[in-house]
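# Overview (structure and organization)
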Amino acid sequence: MMRKFKLPMIGGVALFGLTIVAPAMAQNINVWDGVYTKAQAERGKESFGERCAACHGVQMQGIEEAPTLKQGAFVYNWDGMPVSVLFQRLRETMPLDDPKGTSRKIKADILAYIMSENNFPEGKMPLPYQNSQLKRIQWNALKPK
């Protein structure tokens with residue numbers, strides 16, 4: 001004997017909404033999809049000047065042992081990796097004199113600025129600072145076709 005269950009209208013809508021939203025959140029995106037905002041990159045530019053430019057240069061050109069953060073080798077170094085890997089590197093090692101002294105949010109702003117300087121497009125949502133969300137964003141050196 002088959003039982004039929006009727007869901008209240010609100011419950012039915014809520015369940016339907018979950019089946020639509022969950023797959024969309026699970027999909028991976030890449031840096032060419034616009035994963036940061038212009039405002040976030042502008043905040044990141046200021047923070048970069050305060051915390052990063054002394055070693056990496058005002059134009060991100062790199063100074064002595066600190067590598068460039070623009071184009072070429074830098075962009076290709078992270079190719080095919082989730083953005084969370086680069087973010088972890090920033091979190092754990094930068095700036096060298098006090099890596100724990102800068103919040104995750106500020107480091108996400110700095111990473112947004114680095115992305116903007118590498119010509120990745122801006123979007124409508126800020127770059128998250130949670131690794132669980134950053135793992136879903138792939139760093140692609142070249143724009144996928």
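Residues numbered from 1 in each chain as written. Predicted model: local features only at pLDDT ≥ 70, side-chain atom pairs only at ≥ 80, totals over all residues. Heavy atoms only, no water.

## Focus: helix α5 (residues 83-93)
Among the residues making up α5, those that are buried are Val-83, Ser-84, Leu-86, Phe-87 and Leu-90. Taken around the axis of α5, the buried residues stretch over an arc of 160°, which confines them to a single face. Structurally, α5 contributes buried residues whose contacts are with α4 (72-77), α6 (104-117), α7 (131-134) and β2 (137-138). (Buried < 20%, exposed > 50% of the residue type's maximum accessible area, 1.4 Å probe, protein only. Helix = DSSP H or I, 4+ residues; strand = E, 2+ residues; numbered from the N terminus. Arc of directions from axis to C-beta. Contact = heavy atoms within 4.5 Å.)

## Section: the pattern of salt bridges
Summed over the entire model, instances satisfying the criterion amount to three salt bridges. Residues Asp-109 and Arg-43 are paired through a salt bridge, measuring 3.0 Å at the closest nitrogen-oxygen approach. Taken as a pair, Asp-109 in helix α6 and Arg-43 in helix α2 (residues 38-51) lie far apart in primary sequence, 66 residues in all. Judged by its relative accessible area of 4%, Asp-109 falls in the buried class. For Arg-43, a relative accessible area of 36% gives the class partly exposed. Taking the shortest distance from any N to any O, the salt bridge between Lys-70 and Glu-117 comes out at 3.3 Å. Note that Lys-70 is positioned in the loop between α3 (53-56) and α4 and Glu-117 in helix α6, a separation of 47 residues in sequence. (Salt bridge = Lys/Arg side-chain N within 4 Å of Asp/Glu carboxyl O.)

## A word on the environment of Gln-59
Considering the arrangement of structural elements, one finds Gln-59 in the loop between α3 and α4. Separated by 10 residues in sequence, Gln-59 and Leu-69 have C-alpha atoms that sit 8.8 Å apart.

## Remarks on the packing of α2 against α6
With their axes 7 Å apart at the nearest point, α2 and α6 run at an angle of 105° to one another. As judged from the angle between their axes, α2 and α6 are roughly perpendicular. Of the residues in α6, those touching α2 at Gln-40, Ala-41, Arg-43, Gly-44, Lys-45, Ser-47, Phe-48 and Arg-51 are Lys-105, Ile-106, Ala-108, Asp-109, Ile-110, Ala-112, Tyr-113 and Ser-116. Grouping the amino acids of the contact of α2 with α6 by side-chain chemistry returns seven nonpolar, four polar and five charged. (Axes fitted to C-alpha atoms, helices over the stretch in contact; angles between N-to-C directions. Parallel < 35°, antiparallel > 145°, perpendicular 65-115°, else oblique. Nonpolar A, V, L, I, M, F, W, Y, C, P; charged D, E, K, R; others polar.)

## A look at the packing of aromatic side chains
All chains considered together, the criterion is met by four aromatic pairs. Summarising the aromatic geometry, the rings of Phe-74 and Trp-139 are spaced 5.9 Å apart at their centres and angled 85° between planes, so their arrangement reads as edge-to-face. Pair noted here: Phe-74 is in helix α4 and Trp-139 is in the segment after β2, with a separation of 65 residues, a long-range link. With 5.0 Å between their ring centres and 75° between their planes, Phe-120 and Trp-139 make a pair best called edge-to-face. Here the residue Phe-120 occupies a position in the loop between α6 and α7, and Trp-139 occupies one in the segment after β2, the gap between them amounting to 19 residues. Ring pairing ties together the aromatic residues Trp-32, Phe-74, Phe-120 and Trp-139, which thus form one cluster. (Phe/Tyr/Trp six-rings, centres within 6.5 Å; stacked < 30°, edge-to-face > 60°.)

## Description of the nonpolar core
Leu-111, Met-115 and Trp-139 are the most contacted members of the largest nonpolar core, which has 29 residues in total. When residues of this core are assigned to their parent elements, the largest contribution, seven residues, is made by α6. Discounting residues that sit within four places of it in the chain, Leu-111 has contacts with Val-83, Leu-86, Phe-87, Leu-90 and Leu-127. (Core = buried A, V, L, I, M, F, W, Y, C linked by side-chain atoms within 4.5 Å.)

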